[in-house]
Amino acid sequence: MTYNIAISPAKASRLYWLGRYSERVCSTLHMLHKCYDEVVDNEHTDVHSDFCVRMGIPFEYDNARQFLKNYLYNKEKTYSVINMLERVKDNAILLREELKSESLAYVEMAINYMNQASMDESRLYDLQPVTDYLFAFFGAIEERIFNMDALNLILIGKYVEKSELYIRFDYDLARIDESLCRLEHFVNVEVGLCDDRKMSAVRNGINEMPMSASIIDNLNTIFAA
Amino acid sequence: MYSLLLKQTDAVNRWMERYGVRFGIYKNGEFKEQLFPFDAIPRIISHEDWKMLEVGLIQRVDALNAFLRDIYTEKRIVKDGIVPEDFIYSSKGYLPQCEGFIPPKGIYSHISGIDLVQAEDGTWYILEDNLRIPSGASYPMIARDLTRKVSPETFTDSSLIDNRNYAQLLRDSMDYVNVDNGLEVILTPGRYNSAYFEHSYLAEKARVVLAYPDDLFVDNGYVYYRGLNNKSERVGVIYRRISDEYLDPMTFEPTSLLGVPNLFEAYRQGNVAIFNAFGNGVADDKGIYYFVPKMIKYYLNEEPILKNAPTYLPIYEEDRKYVLDNLEKLVLKDVSEAGGYGVMFGRDMSPEKLAEMKHLIKTESRRWIAQEIINFIDLDIIDNGEKVKRKADLRAFVLSGETTRVWASGLTRFTRNEKSFIVNSSQGGGFKDTWVLDK
């Protein structure tokens, strides 16, 4: 049976945002772990306000516990992890024929787990299976997507998101550079889909200290579709 | 034969959940997705029964395709007085825009979903023909895949036909009618359609593109899939999962946002195959159902192999008198309804309701058909851990391409309500796999 391969701009956009949201869930759970690790040494550290500032989300909670509960599980908040996971599903469910049912199943399992965790008000460290499922998802799509343009678009989204979060959280320059290298690779493969000038501006910008906010703007608009 | 599988029912349902095997319903204006309840006890069809069903279904679908071609061209069956003219032109499914046009390779119904029941004496009856957008094949497809996974022992040395070839049958039919070897797409209205799971699953398994309305456009009489970097690909066949009336706002419902403007014009120019064809609704109208055995004799010069349920048309005086005299023991169907709606059992009606319906039968005769209630066999299902009997039907799928073929499986739907005959998923029914024995 031969394959019919074609990607419309709307589908390209779904693939890209699937990559971004999946990475955002994984990375923010990781960042949260790191932030709360600081509380171990100093319980009065104001980790949640710092986290909110870096993520660019409103700081509207009295204490870390309240923040965490809402940040993880509040479906009313567009920035909550559970909502981000819903956006992963929203995009993935429209892409079954590219991702394949076996890959999509990991997204289903992540959201089912998260919904159950929300009902149980599970603690942060109980959410490791969500990350595991999404890592399995990334592995599964590399195995099962035969349309390389589709896979590359997901990975462009993934590395835009990863690079942005690394920049927001002041990661070591070498780590940021690694992530941008991966992004640049996929941008170069998908000729014409991304804005090369913006990619160059991002690469040049990270060498300037302090980094300007325009780096993140450029990153967010690299994908033209 | 399936006792090992029964022990794994929970495992099958977990896999169903994992794969997102759902259907959508609208309740109180709100869209909800829910799992389609699966019962692990399969419906088993003997080899002998299947051989008979297979030839009977091919015969029926060939006759229906011949009828559609005739109705939109010569209308011999009307001229010869077999089907009354009124039944054609008053049918909601008849599209005058299709007059005089024969679709690619002369096929109208590429996928036909034929609903059957088996009576207690073993006789199979046709309940309904679905020639527009019959859905449901994906559920037994994935059920077989998952049941084989969780209970391989059940299928070792079994003598049942492997049903995992549906996607190949679908592709064969699509390939056959494809115009100029263009792109093959399944056109879905989107995620909030009740059968969206099926659209996406079939696209995956048949390896065709799942297209949304905005992905397609018509230019100069040809249909294109909108690609990246302004590169578009010519489309040769569209397996549409959108009803005729919403498919092209320039020809049909002008407010439709689900359609592709000028698609009908491209179709009429023969530049794209629409799968199933426009205008098929005229042949699966509940009123036309009455005439299908006559069509088989007329077009194929054969005796019908499969029976219709005994049906009465109130437009005929003799039938009307019988229906009015016996409504309490008949089932009355509104020909304009589908999905199990508009089906009323005389025995359940109050005296006032009976009087009201009798009045409507007299004043709007064309709107109704009445059928004898077939006491169809109950199938075993597991309900709260107990084996109980419930009403069930079978939707068989017939695919027309170079030849007409019947998928050796089908969707067995059952009611979960002890007193109900309505098996539709939209009304709470569940489904089973359908096993066809090969010897």
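None of the values given here were measured: they were computed from a predicted structure.

> I keep staring at the pairing of strand β1 (residues 22–27) of chain B and nothing clicks. Help me out?
The side chains of a regular strand alternate, residue by residue, between the two faces of the sheet. Residue and element names in this part refer to chain B. Relative to strand β2 (residues 30–35), β1 is paired through six bridges, and the arrangement is antiparallel. Following the sheet pairing, Phe23 is matched in β2 by Gln34. Between β1 and β2, which pair antiparallel one after the other, the connecting turn spans two residues, and Asn28 there sits at a positive phi close to 50°.

> Could you clarify how one ought to interpret the packing of helix α3 (residues 47–71) of chain B against helix α12 (residues 292–300) of chain B in this entry?
Any two packed helices are characterised by how steeply their axes cross, that is the angle between the axes, and by the distance between the axes. Residue and element names in this part refer to chain B. Remark: α3 packs on α12, axes separated minimally by 9 Å, with the N-to-C direction vectors making an angle of 80°. As the angle between them shows, α3 and α12 are arranged roughly perpendicular. Counted together, Gln59, Arg60, Asp62, Ala63, Leu64, Ala66 and Phe67 of α3 and Val292, Met295, Ile296, Tyr299 and Leu300 of α12 form the full contact between these two elements. Its residues placed into classes, the contact of α3 with α12 shows nine nonpolar, one polar and two charged.

> Quick question: what am I supposed to make of the domain arrangement of chain B here?
Interface size is commonly expressed as the accessible surface area that is lost when the partners come together. All names here are of chain B. Each assigned domain of chain B is listed with its residue range as follows: domain 1 (3–303 + 376–436) and domain 2 (310–372). Computed over C-alpha atoms, the centres of domain 1 and domain 2 are 27 Å apart. Contacts between the two partners involve 11 residues from domain 1 and, on the opposite side, 10 residues from domain 2. Split into classes, the residues belonging to the side of domain 1 that touches domain 2 amount to three nonpolar, five polar and three charged.

> Would you explain the interface of chain A and chain B in this entry?
Counting residues at the interface gives 23 residues for chain A, matched by 26 residues for chain B. At the level of elements, α1 (9–41), α5 (96–99) and α6 (101–120) of chain A are the ones that each hand at least two residues to the side of chain A that touches chain B. Ranked by the residues each element gives to the side of chain A that touches chain B, the list is headed by α6(A), at six residues. Split by residue class, the side of chain A that touches chain B holds 14 nonpolar, five polar and four charged.

> Could you clarify how one ought to interpret the nonpolar core in this entry?
Generally speaking, a soluble globular protein has its nonpolar side chains buried in company with each other. Of all hydrophobic cores here, the largest spans 175 residues; its most connected members are Ile156(A), Val185(B) and Val272(B). If you tally residues by element for this core, the top one is helix α8 (residues 148–168) of chain A, at 10 residues. Structurally, this core is a two-domain feature, drawing no fewer than three residues from each of domain 1 (3–303 + 376–436) and domain 2 (310–372) of chain B. Filtering out sequence-adjacent residues up to four positions away, Ile156(A) remains in contact with Tyr16(A), Gly19(A), Leu183(A), Phe186(A), Val187(A), Glu190(A), Cys194(A) and Phe223(A). Grouped together as the second largest cluster of nonpolar side chains are five residues, Ile381(B), Ala392(B), Phe414(B) and Val423(B) included.

Conventions used here
- Within every chain, residues take consecutive numbers counted from 1 along the sequence as written.
- Labels are handed out in written order, letters beginning with A for the chains and numbers beginning with 1 for the ligands.
- Per-residue local features are limited, in this predicted model, to residues with pLDDT of at least 70; the limit for side-chain atom pairs, both in listing and counting, is 80 or more; totals at the level of whole chains, interfaces and linings are taken over all residues.
- Note on pairing: DSSP must find at least two bridges between two strands before they are called paired.
- Elements are defined by DSSP. Helices are runs of H or I of four residues or more, strands are runs of E of two residues or more, and each kind is numbered from the N terminus.
- Note on geometry: axes are C-alpha line fits, over the in-contact stretch for helices, and angles between N-to-C directions span 0 to 180 degrees.
- In what follows, roughly perpendicular refers to angles from 65 to 115 degrees, roughly parallel to angles under 35, roughly antiparallel to angles over 145, and oblique to any angle outside these ranges.
- Residue pairs are scored as contacts if the distance between their C-beta atoms, which are placed from the backbone, is within 7 Å.
- Charged means Asp, Glu, Lys or Arg here, nonpolar means Ala, Val, Leu, Ile, Met, Phe, Trp, Tyr, Cys or Pro, and polar covers whatever is left, Gly included.
- Boundaries between domains were set according to an automatic or database domain assignment.
- To define a nonpolar core, we join buried Ala, Val, Leu, Ile, Met, Phe, Trp, Tyr and Cys residues through C-beta atoms within 7 Å and take the resulting set.
- Labels follow a simple rule on C-beta atoms placed from the backbone: if 20 or more others lie within 10 Å of a residue's own, it is buried; if 12 or fewer, it is exposed; otherwise it is partly exposed.

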